[in-house]
Structures are given as C-alpha cells and as structure tokens.
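Take a look at the letters that make up each chain.
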Amino acid sequence: MKTSSFALLLFFSTCLLGQEKINWMSIEEAEAASKKQPKKILIDVYTDWCGWCKRMDANTFQKEEVAKLVNEKYYAVKLDGEQKDSIVFKGKTYKFVAKGRRGYNELAALLLQGRLAYPSIVYLDENLNLIRPWPGYKGPEEFLLILSYIIEDHYLQGTFEDYKLKQKKAQD
C-alpha cells in the first residue's frame, strides 16, 4: 500500500511540475523589467471577493497554453483593485480611496478608466502607455485570441470584432 501511494504521489508531482504557470509580478517589478527589456504588460485587476476573478484564475490562467504565451510575450501583473498600500507607477504615487464599504486604489481607477469592473485585464504597450482595459471573465479560447490581437498589434489596425471574424474565416 505504501509503495502504490508513493508511486501515485510521484506521478502527480511530476505532472504538476511539467505545467507552466504564469510568472506574476507587481506593477513596480514590471515597470523595472520593461525598462531593461521592453515587453507589453498585462495587468489582472481583481479583488479578493470577486467570484469571477477566482474562476478566471482557475480556468483561464491555469491553462498551459495561456501561461506559455503570457510568459513569452508579456510581463504579467496582479493588481488588487482595492489595494490599501500605495503604489508607485511611472513616478507617481497612487493611494487607496476609502469609499463606501470597500474603496479602491487610484491606479486601478486610472487603468480601468473609472469603470471599476472585476475581473478586468488591462494592456499596456512597451512604453507603459494604456492600450485598453478589457472587463469581464474570459475563458481560455477567447483570452488566447485577445492576447494575440494585442501582442501582434492588430488593435492598431481595427476592432477586436473584425479580428475575430478574420480569424474565424481563416479557420473555416
């Protein structure tokens, strides 16, 4: 019995070790890394109480294909939209604003253009300029499509809906 339990544990450990995970960092770390080696930045703006945020963590961010593309092409940031600690970004300090029962961090409000919806993924270009926020839960397939749309700079030439139609026609 001990031998089979050990073998099972070893098997599952090996499977988990082989799976790539997203290398999350703080916004300050991403800003510093981007100065050394420019890359686009993906910011997952979430809250602790958000069920859809947890679902996106479990269903989308855990997919190996998603993790691999994010790690290769982006600096990935986790940002609690209700973070109470001040955040320094691009030389400016963003503070917590107490409002109602919860409040919000000024940087989250800026990045989300005042629309505090969770989860939201914010994309920044290599110069730390806002490309756009993308609110709402996204499953792995749609998220991969959005990642490609942003990383390949298709957002400069047309809408995501047009890009999606072209991708669908190319597959048919």
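Keep in mind the model is a prediction, meaning the values are calculated, not measured. (Residues numbered from 1 in each chain as written. Predicted model: local features only at pLDDT ≥ 70, side-chain atom pairs only at ≥ 80, totals over all residues. Heavy atoms only, no water.)

Asks: Just give me the short version of the state of the cysteines, but keep the residues and values in it.
Replies: Tallied over the full model, the rule gives one disulfide. Across a sulfur-sulfur distance of 2.4 Å, cysteine 50 and cysteine 53 are joined as a disulfide pair. Taking the sign of the S-S torsion, 85° for the link of cysteine 50 and cysteine 53, the bridge is right-handed. On the accessibility criterion, cysteine 50 (4% relative accessible area) is buried. On the accessibility criterion, cysteine 53 (4% relative accessible area) is buried. (Disulfide = S-S within 2.5 Å. Buried < 20%, exposed > 50% of the residue type's maximum accessible area, 1.4 Å probe, protein only.)

Asks: Quick one: what's the story with unusual backbone geometry, residue by residue and with numbers?
Replies: Residue proline 119 is bonded to the preceding tyrosine 118 through a cis peptide linkage, with omega at -5°. Its place among the elements puts proline 119 in the loop between helix 5 (106-111) and strand 8 (120-124). If you check the backbone angles, lysine 90 has positive phi at about 55° while not being a glycine. By secondary structure assignment, the location of lysine 90 is in the loop between strand 4 (87-89) and strand 5 (92-94). Since its relative accessible area comes to 44%, lysine 90 is described here as partly exposed. Although it is not a glycine, aspartate 153 sits at a positive phi angle of roughly 60°. For aspartate 153, the position within the fold is in the loop between helix 6 (140-151) and helix 7 (160-171). (Helix = DSSP H or I, 4+ residues; strand = E, 2+ residues; numbered from the N terminus.)

Asks: Could you give an account of the nonpolar core, naming the residues involved and the relevant values?
Replies: Membership of the largest hydrophobic core comes to 23 residues, with the highest contact counts inside it found for Leu42, Val70, Tyr74, Tyr123, Phe143, Leu147 and Ile150. Residue assignment for this core shows that the elements contributing at least two residues are helix 4 (64-73), strand 3 (74-80), strand 8, strand 9 (130-135), helix 6 and helix 7. When residues of this core are assigned to their parent elements, the largest contribution, seven residues, is made by helix 6. Residue contacts for isoleucine 150: discarding those within four places in its chain leaves Lys40, Tyr74, Tyr123, Ile131, Trp134 and Tyr155. By size, the runner-up hydrophobic cluster in this structure holds 22 residues, among which are Ala30, Val77, Phe89 and Val122. (Core = buried A, V, L, I, M, F, W, Y, C linked by side-chain atoms within 4.5 Å. Contact = heavy atoms within 4.5 Å.)

Asks: Go over the sheet that holds strand 9 with me, naming the residues and quoting the values.
Replies: The mixed open sheet is built from five strands, whose spatial order is 1-3-2-8-9. One side of each edge strand has no neighbouring strand; the edge strands of this open sheet are strand 1 (24-25) and strand 9. With two bridges joining them, strand 1 and strand 3 adopt parallel strand pairing. From the neighbouring strand, tryptophan 24 faces strand 3, where its bridge partner is alanine 76. Taken strand by strand, helix 2 (residues 27-36) contacts strand 1, strand 2 (40-46) and strand 3, and its axis lies near 160° from that of strand 3. (Pairing = 2+ DSSP bridges. Axes fitted to C-alpha atoms, helices over the stretch in contact; angles between N-to-C directions.)

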